[in-house]
Amino acid sequence: MRLSDETLLDIMARFQAEMQKGLGKDTNPTASVKMLPTFVRAIPDGSENGEFLSLDLGGSKFRVLKVQVSEEGKRNVQMESQFYPTPNEIIRGNGTELFEYVADCLADFMRTKELMQKKLPLGLTFSFPCKQTKLEEGVLLSWTKKFKARGVQGTDVVSSLTNAMRKHKQDLDVDILALVNDTVGTMMTCAYDDPYCEVGVIIGTGTNACYMEDMSNIELVEGDEGRMCINTEWGAFGDDGALEDIRTEFDRELDLGSLNPGKQLFEKMISGLYLGELVRLILLKMAKAGLLFGGEKSSALHIKGKIETRHVAAMEKYKEGLANTREILTDLGLEASEADCVAVQHVCTVVSFRSANLCAAALAAILTRLRENKKLVRLRTTVGMDGTLYKIHPQYPKRLHKVVRKLVPNCDVRFLLSESGSTKGAAMVTAVASRVQAQRKQIDKVLALFRLTREQLVGVRDKMRVELEYGLKRDTHPLATVKMLPTYVCGMPDGTEKGKFLALDLGGTNFRVLLVKIRSGRRSVRMYNKIFAIPLEIMQGTGEEVNAGQGVPRSEVPACHPIQCRPGMTAALSLQLFDHIVQCIADFLDYMGLKGAQLPLGFTFSFPCRQASIDKGTLIEWTKGFKATDCEGEDVVDMLREAIKRRNEFDLDIVAVVNDTVGTMMTCGYEDRNCEVGLIAGTGSNMCYMEEMRNIELVEGDEGKMCINTEWGGFGDNGCLDDIRTQYDKEVDEGSLNPGKQSDRLALLQVRRILQQLGLDSTCEDSIVVKEVCGAVSRRAAELYGAGLAAIVEKRREDQGFEHLKITVGVDGTLYKLHPHFSRILQETVKELAPRCDVTFMLSEDGSGKGAALITAVAKRLQQARRENVKREQKLRSIQPQDEEALIAREPCRKLFMLKFSYSSVRHPQLQVPLSPGSAGGSLPLPSYLDG
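In this text, all values refer to a predicted model and were calculated from it rather than measured experimentally.

## Examining the side chain of Asn357
Step number 1: Along the chain, the position of Asn357 falls in helix α11 (residues 338-373).
Step number 2: Among the residues examined, Asn357 registers a relative accessible area of 8% and is labelled buried.
Step number 3: With residues near it in sequence (within four places) discarded, Asn357 still touches Leu3, Leu8 and Val403.

Below is the structure:
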């Protein structure tokens, strides 16, 4: 029975393996350690209050308890209890009679304590293995200890007790909120006093342990967030033969004579119900061998159960132990010498020490698992302890603590005795369940605000459509919240683009510089990039001076780096921002060995700009946390060019300024010619699409298409979405950098704000609530994206006169990419709200930086095409009248005369085809005599 440290470490490893087996869905059916989910997901947090009832059935006595939990913050508990006997004829008789007896005792308690008129929640401590599917339900797997009532195994014990209470319906108005194992009750009792308590251990009539396990490891229960208390039912450890090498002949003899042979083998080596019997069997064998009592054996020594654990504890008492031993042996009819008494004491010590060692090995396995789950080098935790053996044996606690600390030296363990027992714990579980139930109602009420009906989503789609039209029309554009900004991007990649291009990408806390090499024909793109940080003081600059002196207008700042300005001069932080960008470009050109090269450049600028041409963009307002002063109302390309001049190290051909959404569309359009919509769902939110020129009143011309940057983040700024905005949207908006604007990008802040409103600290471990809040907020966000996108694809379908439209949407952004359900919900919403559109979603793998390079490449291609048109027009102007018929004979195609011109008017002496003033980009029609 003596176990070495190596053996204990081996037992610890075996128990760890059994725990893992019990947690697995496929391996649980054959596991001896059942690892039963208890559906207790939270420990007391101190906010519990009210009156609760508790029943404790599982030991030699049955207890009813009324618990008054103090008001929030005081952590004070007042209890009134009464014990009732558990006669053998009840606990080994008919199951119905057992629960009727429990109900009778409860009714008696309610009458005695004058609680008949009160409706109280009740927690039931039921100290037997049960399979639970929810907190208030449990199917008995098997009886243990001395219980053997018929007809209960395989049934729900909560239903059985509820049925039994019906005959007292005049007296009892009780709701059973929780079924709790006594070990769980012990953990909850101690956790009320010590928040570090996350393990409960019972060493009494029986033995068991529970602990808080990560949901992600519990395959028997759906969900993977947060934690749940697991009732290990470790008493059955070894039932599959895993401990045969350490079981002795005495363990086997005891097992054969028990009520449940072959079951609860670990418990039979540890618990108080069996230790006295093990001592009796050993003493009997020693007496038979003539090693004790001169070979004499009394009749009492042959009687099962004659030596109890209380006797073992008394014999091991310090100082009094020897006298106690002599007295106990005398009562057994044995004449013991002093040597006999010492030998009997030694047997008791060996048996109880083995019990403590085995318990320590299993507990050390649990503590190791807790530490590994938390990925800690060192764990600090508390173990709640209860049970008569642990309480009454004078040496047991000290031995257990010492061995545990030896086996897990990297765990700082506090052992906390449960003074009020597991019955108080059941009341605490009930109190927590009551708190969670009340919180559940509050959560449902809050989250209902975020659940949008189909009618509401249709309303959002239709309102978006109206705002799109407002933004496109000259008269209503100034008042539109969806600004519908022309980008002057009039073509998509056709595969003929080629060359080297620089691209800049500014829109978040990082800034990216790229070199993009495009090969024609094969649609091959190679990219090289470097990421640079933008300091917060530059992003959110307030215009403070960099040097001493007064600020000066941007136009008067000398052409030197702002940090090097002469005394008395200053640089506003707008200059700092663009000088920082140019510094990053210089570093990148050095890095790539391109310092002297003059490359065409595309600038992805992810903020609302009003463009006058593809290379002219006036910043309307900052978004996404940027606040650098003296930029709004200025041309960002001019500011970049001036910064390059101040640097005076290199020159670049800035061809295009592009919104990141347009870049996303172009990136995907290079791969899929059906792509004519771009969507960003990330730090910010935006959408662009190819609009018919005839619908864009802000730009001259009716032919072809142009990309429109919707800047739809401002949708609702006029109050049209107030019917679906919640108090949380409003509170987050008021605390943002731009109150009243861009109301769609605050999901994470909304989550935190809601949790604070629910009284949950932002570090709260109640992950299920967090998940629900996040799910509701992100679902609403995805549905709103879907409603807005549905408005755009339906507009494209109607504009083109199609019954059905096949279209691709290029998508980018961290929210779309990283959220596990966002993309699916968005796509489902679009399908439901735009059923006549077949929408393909294409993820932009290379981001908006590549798109800026592609727009630059397309712009260079179109520039080249315009140059060629000009040459052809000049050639046409040089044709002599007598050559006209020959020209027509060589070029009969009507297209010859559909040339684009950039001048106000032209006349040929013979063709006499005028162009009206200001008709740049118009077509040169055929002379009437050639028409047809």
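Read on, since the account is not over.
## Section: the packing of aromatic side chains
Step number 1: Considering all chains together, one arrives at 19 aromatic pairs under this definition.
Step number 2: Between Phe126 and Phe128, the aromatic rings sit 5.1 Å apart at their centres with planes inclined by 65°, giving edge-to-face as the arrangement. Exposure class is identical for Phe126 and Phe128. Each is buried.
Step number 3: Ring centres of Trp234 and Phe266 lie 6.0 Å apart, and the angle between their planes is 80°; on these two criteria the pair is classed as edge-to-face. One end of the pair, Trp234, is in the loop between β11 (227-231) and α6 (249-256); the other, Phe266, is in helix α7 (residues 265-268), with 32 residues separating them in the sequence.
Step number 4: Through successive ring pairs, a cluster of aromatic residues spans Phe603, Phe605, Phe607, Trp622 and Phe626.
Step number 5: Residue placement shows Lys530 over the ring face of Tyr591; its charged tip is 4.5 Å from the ring centre.

## Here we look at the packing of helix α1 (residues 5-23) against α11
Step number 1: Relative to each other, α1 and α11 sit at 55°, their axes nearing to 8 Å. Here α11 runs oblique to α1, going by the angle between their axes. Helix-helix and strand crossings are classified by hand; for α1 and α11 the assignment is right-handed. Contacts between α1 and α11 involve Leu8, Ile11, Met12, Phe15, Gln16, Met19, Gln20 and Leu23 on the former and, on the latter, Asn357, Leu358, Ala361, Ala362, Ala364, Ala365, Ile366, Thr368 and Arg369.
Step number 2: Across the contact of α1 with α11, the residue classes break down as 12 nonpolar, 4 polar and 1 charged.

## Describing the sheet that holds strand β3 (residues 61-69)
Step number 1: Strand order in the open sheet made by the 5 strands is β4-β3-β2-β5-β8, with mixed pairing throughout. Of all the strands in the sheet, just β4 (77-85) and β8 (174-180) have a single pairing partner and so form its edges. On average, each strand axis in the sheet is tilted by 20° relative to the strand beside it, whichever way the strands run.
Step number 2: The pairing of strand β2 (residues 50-57) with strand β5 (residues 120-126) spans 5 bridges and is classified as parallel. Along β5, the bridge assignment pairs Ser54 with Gly123.
Step number 3: Against the sheet, helix α3 (residues 95-112) makes contact with β2, β3, β4, β5 and β8, and its axis sits at roughly 135° relative to β4, the strand it touches most.
Step number 4: Packing of helix α4 (residues 157-165) onto the sheet brings it into contact with β2, β5 and β8, and relative to β8 it is tilted by some 155°.

## Side note on the nonpolar core
Step number 1: Of all hydrophobic cores here, the largest spans 108 residues; its most connected members are Val201, Ile203, Trp234 and Leu367.
Step number 2: Broken down by element, the residue count for this core peaks at 17 residues, all from α11.
Step number 3: When residues of this core are assigned to domains, at least three fall in each of domain 1 (11-234 + 375-436) and domain 2 (243-359).
Step number 4: Ignoring anything within four residues of it in the chain, the contact list for Val201 reads Thr183, Thr186, Asn208, Ala209, Trp234, Cys359, Leu363, Val383, Gly384, Met385 and Asp386.

## Observations concerning the sheet that holds strand β26 (residues 837-843)
Step number 1: Taking strand neighbours across the sheet as the criterion, the 6 strands line up as β14-β24-β23-β22-β25-β26 in an open arrangement whose pairing is mixed. Edge positions in the open sheet fall to β14 (485-486) and β26, since each of these has one partner strand only.
Step number 2: Sheet topology note: the strand β22 (residues 675-681)/strand β25 (residues 805-812) ladder contains 5 bridges and is parallel. Across the sheet, residue Ile680 finds its bridge partner in β25, namely Asp812.
Step number 3: On top of the sheet, helix α24 (residues 822-833) reaches β22 and β26; it is set at about 160° to β26, its chief contact.

## Quick word on the pattern of salt bridges
Step number 1: Applying the stated criterion across every chain yields a total of 57 salt bridges.
Step number 2: Note that Arg861 is salt-bridged to Asp494, the shortest N-O span being 3.3 Å. Here Arg861 is found in helix α25 (residues 847-877), whereas its partner Asp494 is found in the loop between β14 and β15 (499-506), with 367 residues between them in sequence.
Step number 3: Residue classification places Arg861 among the partly exposed residues on the basis of a relative accessible area of 23%.

Rules used throughout
Residues numbered from 1 in each chain as written. Predicted model: local features only at pLDDT ≥ 70, side-chain atom pairs only at ≥ 80, totals over all residues. Heavy atoms only, no water. Helix = DSSP H or I, 4+ residues; strand = E, 2+ residues; numbered from the N terminus. Buried < 20%, exposed > 50% of the residue type's maximum accessible area, 1.4 Å probe, protein only. Contact = heavy atoms within 4.5 Å. Phe/Tyr/Trp six-rings, centres within 6.5 Å; stacked < 30°, edge-to-face > 60°. Lys NZ or Arg CZ within 6 Å of the ring centre and 35° of its normal. Axes fitted to C-alpha atoms, helices over the stretch in contact; angles between N-to-C directions. Parallel < 35°, antiparallel > 145°, perpendicular 65-115°, else oblique. Left-handed = near helix turned anticlockwise from the far one by under 90°. Nonpolar A, V, L, I, M, F, W, Y, C, P; charged D, E, K, R; others polar. Pairing = 2+ DSSP bridges. Core = buried A, V, L, I, M, F, W, Y, C linked by side-chain atoms within 4.5 Å. Domains from an automatic or database assignment. Salt bridge = Lys/Arg side-chain N within 4 Å of Asp/Glu carboxyl O.

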